[in-house]
Amino acid sequence: MAKVKGAIVVDTEACKGCEVCIPVCPEDVIGMTSTVNRKGYHYAYMNNPEACTGCTNCAIVCPDRAISVYRVKVTA
Amino acid sequence: MAKVKGAIVVDTEACKGCEVCIPVCPEDVIGMTSTVNRKGYHYAYMNNPEACTGCTNCAIVCPDRAISVYRVKVTA
Amino acid sequence: MTEEIIIAGFGGQGVLSMGKILAYSGIMQDQEVSWMPSYGPEMRGGTANVTVILSDERISSPYLKVFDTAIILNQQSMDKFEESVKPGGILLYEPNGISQHPTRTDINIYQIDGNKISTEMGNKKIFNMVVLGAYLKIKPTVELNNVIEGLKKSLPERYHHLIPLNEEAITKGMNSVKLYTIENQVC
Amino acid sequence: MTEEIIIAGFGGQGVLSMGKILAYSGIMQDQEVSWMPSYGPEMRGGTANVTVILSDERISSPYLKVFDTAIILNQQSMDKFEESVKPGGILLYEPNGISQHPTRTDINIYQIDGNKISTEMGNKKIFNMVVLGAYLKIKPTVELNNVIEGLKKSLPERYHHLIPLNEEAITKGMNSVKLYTIENQVC
Amino acid sequence: MNVLDIIKPENQVFCKSKLMTDNTLSYCPGCGHGTAHNLTMEVIDEMGISEDTIGVAPVGCSVLAYDFMNIDITQAAHGRAPAVATAIARTWPEKYVFTYQGDGDLAAIGTAETIHACNRGENIVIIFVNNGIYGMTGGQMAPTTLEGMKSSTSPYGREIESMGSPLKMTELVANLPGVHYVTRQAVHTHKHARKAKKAIKKAFENTRLKKGLSFIEIVSNCNSGWKMTPLESNIWMEENMFPYFPLGDIKVNGVLK
Amino acid sequence: MNVLDIIKPENQVFCKSKLMTDNTLSYCPGCGHGTAHNLTMEVIDEMGISEDTIGVAPVGCSVLAYDFMNIDITQAAHGRAPAVATAIARTWPEKYVFTYQGDGDLAAIGTAETIHACNRGENIVIIFVNNGIYGMTGGQMAPTTLEGMKSSTSPYGREIESMGSPLKMTELVANLPGVHYVTRQAVHTHKHARKAKKAIKKAFENTRLKKGLSFIEIVSNCNSGWKMTPLESNIWMEENMFPYFPLGDIKVNGVLK
Amino acid sequence: MSELKLMKGNEALAEAAIRAGVDAYFGYPITPQSEVIEYLMTERPEDRTGMVVLQAESEIAAINMVYGAASTGKKVLTSSSSPGISLKLEGISYLAGAELPAVIVNVVRGGPGLGTIQPSQADYFQSVKGGGHGDYKLYVLAPASVQEMADFVEDAFDIAFKYRAPVLILSDGLIGQMMEKVFLKDQQERLTDEEVIKRHDSWAVTGKTNRERNIITSLDLQSEKMEARVRRLMKKYEQMEKEDLRYEEYQTEDAEYLFVAYGSSARIAQKAVQLARAKGIKAGLLRPITLFPYPKQVLFDLADQVKGILSVELNAGQMVEDVRLSVEHKVPVEHFGRTGGIIHTPEEVLEALELKIINNECIRHH
Amino acid sequence: MSELKLMKGNEALAEAAIRAGVDAYFGYPITPQSEVIEYLMTERPEDRTGMVVLQAESEIAAINMVYGAASTGKKVLTSSSSPGISLKLEGISYLAGAELPAVIVNVVRGGPGLGTIQPSQADYFQSVKGGGHGDYKLYVLAPASVQEMADFVEDAFDIAFKYRAPVLILSDGLIGQMMEKVFLKDQQERLTDEEVIKRHDSWAVTGKTNRERNIITSLDLQSEKMEARVRRLMKKYEQMEKEDLRYEEYQTEDAEYLFVAYGSSARIAQKAVQLARAKGIKAGLLRPITLFPYPKQVLFDLADQVKGILSVELNAGQMVEDVRLSVEHKVPVEHFGRTGGIIHTPEEVLEALELKIINNECIRHH
Ligand SMILES: Cc1ncc(C[n+]2csc(CCOP(=O)(O)OP(=O)(O)O)c2C)c(N)n1
Ligand SMILES: Cc1ncc(C[n+]2csc(CCOP(=O)(O)OP(=O)(O)O)c2C)c(N)n1
Ligand code: SF4
Ligand code: SF4
Ligand code: SF4
Ligand code: SF4
Ligand code: SF4
Ligand code: SF4
Ligand SMILES: [Mg+2]
Ligand SMILES: [Mg+2]
């Protein structure tokens, strides 16, 4: 059975820590770092990378387009 | 039988000869003079005074309020 | 030569276009011209007047207070402009609707019965051409053929068939103008 | 006496209100004061700074390029204002988030760890009062009781119960400020 | 009975309102502005509110309204009467404040002021004389000029494609919750004039009751601008304006019809 | 499978549009302006029309749109973008012209320009970001501020009585015949953002087909002005803004829904 | 008794307006003066004094609301900043033409265009020479402190009603945004409607009672009448020059060099005087408080005493023309100013004096 | 070959605009200039040259339409009269700040306020000193004949594009409404879109192709950048002063007295010169054709030759300030003018010279 696996890359300097990406992730992938970036913001990261399906929900709502999404089809 | 009889007085200098009063008169009372007033306008007059009922139609549409209306009840 | 004219009357009398034809005629004979109307809401059913200057030299002020000639077509204008004619100048007027005739003795006064003539000719619209003819008779500042050329210039192509009628009106005007002297007046 | 101070940091650090309390304190001891903020959209999530002047005389320019004292709360402000301290003047800063520590040797440099202290006190909001305390320790331009009066004046009645906490923070700041010498720096 | 026997003071049933001055109206013969002026003054007179009424007349043919209406009037900049009236109504909440505006004024340059005074529901009366043209400045196209209608700036007729559709400002403002009463009237016949007068009265009653904004459109003629005689213009108006700007109430007591 | 095995160029399915510059957006964290910008640029990129697109950005938080959108942009005076866009569209009829306006800009000071560009049916796209407040100037009341909503000029909440009702400009312009497409969207969740993107695309398609004016309202947040976190503001928006400004198409292909 | 507060210039102006018994404020937000309306909305003056405060849909609506309320004899205020003031100019010209009392505040920012939101004095010409169309002038007060932001509200209304003319308070972002001590006067009662009518019944439109109707208009279709109106206006302006000129001198008694500066520039120039004196340069400062009327005669007289004059302005050179017109070429007059929202330092100002006036003078003399 | 016509000034301007290949006109009716848009609408330039003509919903919309078309490098024109120009001032300031080429026509009527519709020159200050906010100037051309109404359209666009700056044609009701002979130039081709792009690709927003994106803005949140912008503007104005000053002298060679007058006043003053000469008074006339730049040096030099100068204007005294600033107090400078739409006669003007300059001089000398 073909399964989709995804991953996101967050531009840690572009991220403003708004957390808008978090509730739209169906797989609860995203968390916020406790450290801050140079502008003083906590930033998003894959807290639960295994679960990401690369659905791009997070990316499309990110106002700062800090998220790039990757996706591959894997055969289980 | 009580009948209503009317009359109008046209302020000949205020009248601008627009003729707006003519079609609204149900009794076809009003005509226009062939002479002109000081401003050069032909002005309205009672061409058919007997017919006037004093309904004030003419007066209420006259933009220049050049018409005063009088009315009496006469018993036939 | 410089001729400074005021033409004044009611809105509908063709005051502005008479001035325009005069100005065009001047152009036809290579003169400098200016045409300056009164404008604004007082025109609404009220008076209209235009100052026309014809000159062999560059015209300075297009706006004047005194004139070589005044062409006057109603009482209001008579009240306003009789005093503006230069001594020795000309006042031409149309007597219909005039209750107070001019009284100055230091100017030359003429009458033209444009109303009657144009009505006789069956076209009220050429009233102003009759008056123009009268003026040209008194003061041939522009030549008739230049007036015709001016008419051609100022009228759109589709009205050119009316030019002969206009020419006729001008000629009538020329032939009908008469000197007005205080004695002429019916007392 | 005239004391010209710049306070500079992030928007949320209480820069403007620290300046305001300082200014109010000056008023309490009958000084002339001025408080001039930077303003505008650069404030949006960005830096904020305010120039405060306390003086016994009428204050001329409220806007300055050089200062007796600079109170600096982030790196951006350090970059901008280190050079603006008058020789012999004071630079007080909060070391958290500072990557480039000051390097001038002709001024007196102090540190106050306002972040740590306010966190320890369990209320991040009094951060600026800790820093204020540190400043007052170095330069007692206004007396503590006047600061308390100033607080009373500047805070709405309903916040007056917080004044003791603020006073405590100021005292903590006074006790915690330390001189910074270039040697202090961990190389 | 002899006419002279009828014409006696005690028999007089209609004369010019005493709230109209003796000045000759500056309008062209047959212009509806005159009738609209007179009806408005008659209502104010009959309601006995002239001492508490303030008029606002912006630029347009009726700019000189203050020469004719014998009440206190302020002349407003082109399009801004609703803002002027807003301030008067707010600072004198017990007064009757009305504007008297043309279609160029109210629906072109004054669009924002109209919409926002309506939206705020100012306690004022707006009398909106829609003659489909800029009368005062010599007959240019107005927002309300009809499709194909000629004006000095649409000499070949209004083209929807490039000039847009005639704007129904009245229907537009009727959508705003702050507007309490919206109606479209005419004044060229006795029937219309009597109805219009009733509408104007209702509007001023609304002010008395602090109901908010009343908006009365009067579809009118501009024989000079339309280049017709008054009677021709009235017929043209009935045949062409009324179908596009249908007469009648649009919103009554805050409820859309 | 390792994350690093997935993160390879050939697997990339989403990245920032190349029509967005590298400049950091000046918006507050979580502000919908950023998403709206990005969606717009993505549409223009996907349609391949960037070389023929001219943007108009008036004053408001998005005044610096030209710093972020990598296309030709002219900055317009407060409220006047529809007039600016009108002229560009008329002198360059083959171009794609859009305005990007805030609610203060479009529905307050710019009311007349908005109504008349819509009424003329200019062949442009209006993107109208309604965040119920004046963001840029520090959170003052906008025409769209909800009843009871606090702002720096309605510190005790908007009072309908004195400040009027929140203005539904979108419904208003939908009544104008020149307007071809009117829709209300949001961008705070993936579902809304994807729908909004489709709407924006439809609007630019309309320009291509010379259909006239397309009007896209985006109900958005202003967490700074509303004094909330971005997530709080999005919830507040759903609970308070959406009921008053319901999402969805209002006019499609010139037909009111 | 007056109250002492620490306030922003914008806030002080707003509070002073409430206390001066102003009847209405109409405005539209714009940086750097939005605090005026924000303060008013927060203070609910409707409850405190019955003052009306309304956020208009635009600056144009606001100025025409001012026109409306002013027509009725009410004390009415508006404020804005440069681009917003440009939009108000038709309305301001109407106020002047219709002879209405009103107070307009401009908290200037850098222009032209959208410009910058930082302080500037680049609207001097617009304010003083007539930004709107036609022959009119504004009485222009230029506050240089928060205290004056407060005080000038009442002063402005006094002038506005004395002359039935609009008055402009020309401030800038510096004065508007800074906080200083301010002594606030006690609350003055707002006039009741009856009092307003009593005072202004000769002209204000408040409803025609037993008198001739009142008309507010700036229209005169007859040129003769219009000319008479313009003459009436010019008479007022002459009277203002005679009776209501205001200025302040600082260390001018023995000055050999003179700065002329108003508003925030005057604050900076004052410090430059101190720096100059410290250096042994006998500098002084003339601060016009009214920009129209302008202290022409004072300058004319000072020109006999000083060797040169520097007009210090936050703009590219505007007031310097009025300085030149006043001085009648007796001594050199130069301009110094920064633009675009940059505020010159006292040091820069002094340097400019040395460079443009003192050194040049040497060149001239040798 | 040119065509000879008798036209109103307003019509000549409109026809010249079509022939000059103007791309677009946006305007709103107002007396005394409505003939401009009426003529254009009647001529259907859309058919003749592809020129766009649109009646805007207001003057503000019109000027912002101008801003839009100018942003794209198109030749764009608007016209109005005094109150309408006041409304355009924010937009004009934006045009100056954003450095856009455009031509604005003001057919002045009497102000302030609604004023009168008769001719006036009371908008001199507004035009020349900056009516809108901020540090900017307009290049101002003042036609004195119908011929110049036509000719200046092309001249104005040349300047506008040379400097990327708005240009004002300052006319008045007299010049706009009068008819004179006018020689009209042949039709010039409008630039194609491709040509526009080619010419203005370095700045105009026409769609970002293979270049950096173009941005039109007048905003600079950083003061340093804003100051640099203002400096750039000031440089342009200096260059205008050097390269594009225009004026005309009439009988000045031997003049002992000088009239300075522009536009319609210059026409009248010219006749006054003739009257004076006839009386044995050696009068001359300097007519500034550009009001900014102003013929300062010419006046400065003429001041060495004449005994006194009369500034003749249809206003209460505006240009006279520029005359004074130019003359540097070498000889007496006085103002004469009628206002409110009244046009002074040549006789009045001469009388004023005698009264204010010649007789006064006697008083002075004895
Ligand atoms: C700012 C401004 N722009 C333009 C004008 C010129 N103007 C005066 S009235 C008017 C339009 C009049 O039309 P409308 O409002 O329909 O009134 P009407 O004369 O038709 O009754 C115009 C454009 C003006 N006075 N002020
Ligand atoms: C003529 C003028 N008036 C006022 C302003 C100040 N101003 C700038 S943006 C703005 C309103 C912004 O609100 P909105 O349009 O809703 O945009 P947002 O910032 O909320 O996205 C105002 C009042 C201005 N720049 N120009
Ligand atoms: S791509 Fe989809 S699954 Fe992956 S993090 Fe984003 S929202 Fe979650
Ligand atoms: S939405 Fe974007 S900016 Fe916000 S937290 Fe997520 S990645 Fe960061
Ligand atoms: S009152 Fe009636 S009947 Fe008499 S003339 Fe008038 S309309 Fe006719
Ligand atoms: S309606 Fe009045 S003005 Fe017209 S003709 Fe009749 S009486 Fe005369
Ligand atoms: S121009 Fe038209 S609106 Fe004006 S008075 Fe004449 S008919 Fe009436
Ligand atoms: S102020 Fe509001 S609208 Fe502006 S960027 Fe911040 S959140 Fe967005
Ligand atoms: Mg109309
Ligand atoms: Mg907003």
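Here is what the cut-offs are and how they apply
- Residues numbered from 1 in each chain as written.
- Chains lettered and ligands numbered in written order.
- Predicted model: local features only at pLDDT ≥ 70, side-chain atom pairs only at ≥ 80, totals over all residues.
- Heavy atoms only, no water.
- Buried < 20%, exposed > 50% of the residue type's maximum accessible area, 1.4 Å probe, protein only.
- Helix = DSSP H or I, 4+ residues; strand = E, 2+ residues; numbered from the N terminus.
- Pairing = 2+ DSSP bridges.
- Right-handed = clockwise from strand over helix to strand, strands pointing away.
- Least-squares fit on C-alpha atoms with pLDDT ≥ 70 in both.
- Contact = heavy atoms within 4.5 Å.
- Donors = N, O, S within 2.8 Å, 3.2 Å for Na, K, Ca; no water.
- Salt bridge = Lys/Arg side-chain N within 4 Å of Asp/Glu carboxyl O.
- UniProt positions renumbered as here; feature names shortened; annotations may be inferred.
- Axes fitted to C-alpha atoms, helices over the stretch in contact; angles between N-to-C directions.
- Expected span 1.5 Å × (residues − 1).
- Bend = angle between axes of the 7 residues up to and from the residue.
- Phe/Tyr/Trp six-rings, centres within 6.5 Å; stacked < 30°, edge-to-face > 60°.
- Lys NZ or Arg CZ within 6 Å of the ring centre and 35° of its normal.
- Buried area = accessible area lost by both parts, 1.4 Å probe.
- Polar contact = N/O pair within 3.5 Å; in protein donor to acceptor, adjacent residues only side chain to side chain.
- Nonpolar A, V, L, I, M, F, W, Y, C, P; charged D, E, K, R; others polar.

A. Representation of the pairing of strand β7 (residues 166-172) of chain G in the model. Residues and elements named next belong to chain G. Most of β7 is tucked away, with seven of its seven residues classed as buried. Side-chain alternation along β7 places Pro166, Leu168, Leu170 and Asp172 on one buried face and Val167, Ile169 and Ser171 on a second face that is also buried. Two elements, strand β5 (residues 102-108) and β7, share seven bridges in a ladder whose sense is parallel. Residue Ala102 lies in a different strand from β7, and its bridge partner there is Pro166. One ladder, built from three bridges, connects strand β6 (residues 139-141) with β7; its direction is parallel. Counterpart to Val140 in the pairing with β7 is Leu168. For the handedness criterion, the β-α-β arrangement of β6, helix α7 (residues 146-163) and β7 is classed as right-handed.

B. Here's a closer look at the relation of the copies chain G and chain H. With an RMSD of 0.0 Å, the fit of chain G onto chain H corresponds to turning through 180° and sliding 0.0 Å along the axis. The operation mapping one copy onto its partner corresponds to a two-fold rotation axis. Across chain G, the smallest distance between a C-alpha and the rotation axis is recorded for Gly131 of chain G, namely 2.0 Å. Looking at chain G, 100% of its interface residues are interface residues in chain H too, so the copies touch through the same face.

C. Layout of the coordination of the magnesium ion (ligand 9). All names here are of chain E. Surrounding the magnesium ion (ligand 9) are the protein donor atoms Asp103 (OD), Asn131 (OD1) and Ile133 (O), at 2.0 to 2.1 Å. Each donor residue of the magnesium ion (ligand 9) belongs to the same chain, and together they define the spacing D-x27-N-x1-I. Note that Asp103 is positioned in helix α5 (residues 103-109) and Ile133 in strand β6 (residues 133-134), a separation of 30 residues in sequence. This pair shows no difference in class: Asp103 is buried, exactly as Ile133 is.

D. Quick peek at the pattern of salt bridges. Here the structure, examined in full by the defined rule, presents 110 salt bridges over all chains. As a salt-bridge pair, Asp304 of chain G and Lys330 of chain G come within 2.9 Å of each other at their nearest N and O atoms. Of this pair, Asp304 of chain G sits in the loop between α12 (296-302) and β14 (308-312) while Lys330 of chain G sits in the loop between α13 (320-327) and β15 (333-336), and the two are 26 residues apart along the sequence. Accessibility expressed as a relative area gives 56% for Asp304 of chain G, which makes it exposed. Glu3 of chain H is the salt-bridge partner of Arg19 of chain H, the closest N and O atoms lying 2.7 Å from each other. Placement of the pair is Arg19 of chain H in helix α1 (residues 9-19) and Glu3 of chain H in strand β1 (residues 3-8), with a sequence separation of 16 residues. With a relative accessible area of 31%, Glu3 of chain H lands in the partly exposed category. One salt-bridge network, held together by shared partners, links Arg65 of chain A together with Glu42, Glu46, Lys197 and Lys201 of chain F.

E. Spatial organisation of the UniProt feature "domain: Thiamine pyrophosphate enzyme TPP-binding" (unreviewed entry) in chain E. The UniProt record annotates "domain: Thiamine pyrophosphate enzyme TPP-binding" (unreviewed entry) at residues 67-217 of chain E. Each end of residues 67-217 of chain E is marked by a C-alpha atom, and these two atoms are 22 Å apart; helix forms 39% of the span and strand 23%.

F. Representation of the environment of Leu114 of chain H in the model. Tracing the backbone through its elements, the reader meets Leu114 of chain H in the loop between β5 (102-108) and α7 (124-130). You can call Leu114 of chain H buried: its relative accessible area is 4%. Residues Leu114 of chain H and Ile63 of chain H lie 51 residues apart in sequence; the distance between their C-alpha atoms is 20 Å. If we skip the residues at most four places from it in the chain, Leu114 of chain H touches Val59, Val63 and Gln75 of chain E, Tyr94, Ser218 and Leu219 of chain G together with Arg109 of chain H.

G. Quick peek at the environment of Ile49 of chain F. Residue and element names in this part refer to chain F. Within the secondary structure layout, Ile49 lies in the loop between α2 (32-47) and β2 (53-57). Classification of Ile49 by relative accessible area gives buried; the value is 4%. Put simply, Ile49 and Lys95 are 46 residues apart on the chain and 8.8 Å apart in space, counted from C-alpha to C-alpha. Every residue in contact with Ile49, bar those within four places of it in the chain, is listed here: Ile44, Tyr96, Phe204 and Arg208.

H. Spatial organisation of the sheet that holds strand β8 (residues 179-186) of chain E. Taken in spatial order, the nine strands of this open sheet run β11(E)-β10(E)-β8(E)-β9(E)-β5(E)-β4(E)-β2(E)-β3(E)-β9(G), and their pairing is mixed. At either margin of the open sheet sits one strand with a lone partner, and together these are β11 (255-256) of chain E together with β9 (215-216) of chain G. Alignment of strand β3 (residues 72-75) of chain E against β9 of chain G, held across two bridges, turns out to be parallel. Bridge assignment links Ile73 of chain E to a residue of β9 of chain G, and that residue is Ile215 of chain G. Lying on the sheet, helix α4 (residues 81-91) of chain E is in contact with β2 (53-57), β3 and β4 (96-102) of chain E; it crosses β4 of chain E at an angle near 175°. Along the sheet, helix α9 (residues 190-208) of chain E contacts β4, β5 (125-130), β8, β9 (213-219) and β10 (248-252) of chain E; its crossing angle with β8 of chain E, the most-contacted strand, is approximately 165°.

I. A look at helix α11 (residues 230-244) of chain E. Residues and elements named next belong to chain E. Here α11 contains 15 residues, and its C-alpha end-to-end distance of 20 Å stays within 8% of the 21 Å for a straight helix at 1.5 Å per residue. Largest kink in α11: about 40°, centred on Met237. Taken together, the buried positions of α11 are occupied by Pro230, Ser233, Asn234, Met237, Met241 and Phe242. On its buried face, α11 sits against β5, β8, α9, β9 and α10 (223-226).

J. The arrangement of the packing of aromatic side chains in detail. Residues and elements named next belong to chain G. Throughout the structure, instances matching the rule amount to 24 aromatic pairs over all chains. Of the aromatic side chains, those joined through ring pairs into one cluster are Tyr124, Phe125 and Tyr262. Against the face of Phe300 rests Lys330, its NZ or CZ located 3.3 Å from the ring centre.

K. Layout of the interface of chain G and chain H. Taken together, the contact pairs 56 residues of chain G with 57 residues of chain H. With both sides pooled, the region where chain G packs onto chain H buries about 4,700 Å², and carbon together with sulfur makes up 59% of that total. Of all residues in chain G, the largest losses of buried area upon contact with chain H belong to Pro112, His133 and Asp135 of chain G, amounting jointly to 14% of the total for that side. Connecting chain G to chain H are four salt bridges. Summed over the shared surface of chain G and chain H, the number is 32 residue pairs in polar contact (both at pLDDT 80 or more). Listing elements by their share of the side of chain G that touches chain H, those giving two or more residues are α5 (82-97), α6 (124-128), α10 (223-243) and α13 of chain G. When residues of the side of chain G that touches chain H are assigned to their parent elements, the largest contribution, nine residues, is made by α5 of chain G. Tallied by class, the residues present in the side of chain G that touches chain H amount to 19 nonpolar, 24 polar and 13 charged.

L. Layout of the arrangement of the chains. Contacts are most numerous between chains G and H, considering all 16 pairs of chains that are in contact. Note that chain A does not reach chain E: the shortest distance linking a C-alpha of one to a C-alpha of the other is 33 Å. For chain B and chain F, which are not in contact, the least C-alpha distance works out to 33 Å.

M. Expanded view of the interface of chain H and chain C. Facing the 25 residues of chain H at the interface are 26 residues of chain C. Together, the buried faces of chain H and chain C total about 2,200 Å²; carbon and sulfur atoms form 61% of this surface. Of all residues in chain H, Leu6, Met179 and Lys181 of chain H bury the most surface against chain C, accounting for 28% of the area lost on that side. Taken together, the links from chain H to chain C amount to three salt bridges. Of the charged contacts, one joins Glu248 of chain H and Arg58 of chain C as a salt bridge, the two residues approaching to 3.6 Å between their closest N and O atoms. Only β1, α9 (173-177), β8 (179-184) and α12 (263-278) of chain H provide two or more residues apiece to the side of chain H that touches chain C.

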